[in-house]
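Coordinate analysis (summary)
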Amino acid sequence: MIPRMPELKSLKIEFDNMEIDTTTIPYKDKIREKQRLSKLATITAEKALRNATGAEKPARFKKQNNETESWSHNKQLKERRTIRREKKVKKREAQLRNAQKESEDLNRNQEEKLREWEELKEEERLEKKRRKGGKEVISESEGDD
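Residues numbered from 1 in each chain as written. Predicted model: local features only at pLDDT ≥ 70, side-chain atom pairs only at ≥ 80, totals over all residues. Heavy atoms only, no water.

As for the side chain of Arg36
Counted only if it meets this: Helix and strand assignments follow DSSP, with helices taken as H or I runs no shorter than four residues and strands as E runs no shorter than two, numbered in order from the N terminus. Polar contact criterion, stated in full: a pair of N or O atoms within 3.5 Å, where within protein one must be able to donate a hydrogen and the other to accept it, and residues adjacent in sequence count only if both atoms are side-chain atoms. Every residue pair with non-hydrogen atoms within 4.5 Å of one another is taken to be in contact.
Tracing the backbone shows Arg36 in helix H1 (residues 30-53). A distance of 2.6 Å separates the side chain of Arg36 from the backbone oxygen of Thr23, its partner in a polar contact. A polar atom in the side chain of Arg36 sits 2.6 Å from the side chain of Glu33. In contact with Arg36, not counting residues within four places along its chain, are Thr22, Thr23, Ile25, Pro26 and Tyr27.

Remarks on the pattern of salt bridges
When their charged atoms lie close together, side chains carrying opposite charge are able to pair. Definition in use: Counted as salt bridges are all cases of a side-chain nitrogen of Lys or Arg within 4 Å of a carboxyl oxygen of Asp or Glu. Type-normalised accessible area, obtained with a 1.4 Å probe on protein chains alone, sets the label of each residue: buried when under 20%, exposed when over 50%, and partly exposed for intermediate values.
Across all of its chains, the model carries 8 salt bridges by this definition. A salt bridge links Glu127 to Arg130; the nearest nitrogen and oxygen atoms lie 2.4 Å apart. Placement of the pair is Glu127 and Arg130 together in helix H2 (residues 66-131), with a separation of 3 residues, close to one helical turn. Residue Glu127 is classed as partly exposed on the basis of its relative accessible area, which comes to 27%. The exposure class assigned to Arg130 is exposed, which follows from its relative accessible area of 57%. The network of salt bridges with common partners includes Glu104, Asp105 and Arg108.

Side note on a nonpolar patch on the surface
Note the following rule: Patch members must show over 30% relative accessible area and no salt bridge, and they are joined within 9 Å when carrying like charges or within 5 Å when they are nonpolar side chains of Val, Leu, Ile, Met, Phe, Trp or Tyr. All accessibility values rest on the Shrake-Rupley procedure with a 1.4 Å probe; residue burial counts only the protein chains present in the view.
Taken together, the side chains of Leu11, Ile13 and Phe15 define a hydrophobic patch exposed on the protein surface, amounting to about 310 Å² of accessible area. Position of Ile13 relative to the elements: it lies in the segment before H1. Judged by relative accessible area, which is 43%, Ile13 ranks as partly exposed.

Things to note about the side chain of Glu33
Mapped onto the fold, Glu33 is located in helix H1. With residues up to four places along the chain from it excluded, the contact list for Glu33 reads Pro26 and Tyr27.

Okay, structure coming up:
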């Protein structure tokens, strides 16, 4: 069979069918050839056994009914895809909820820390006033805060 090309459409080329037994072509590598021969022996033994017992070909070689199987197979694939999509959506929603909770927790923690710092600043300011004896002199460090 020749490739389908626009240049070859007008040509009518016919090939003679040649009967070539590919099982007789040996490998150049001796190890590879031994493997090939052992595989060939097992295949011929299986064929002889199948012919003797009248058994059908193994399931992997049977031709499948693609029309009905394809439809049901596609239906199963669609079901799997929808399940996967639903799982992805649920996972994303859960991640968003967790991220929101974490950000809320961080905001609460930051607010608490800020309140504590403000309380500490106020306590420090009051303590300085008490040490000075109630004088209303503002030091340079308090003016910056």
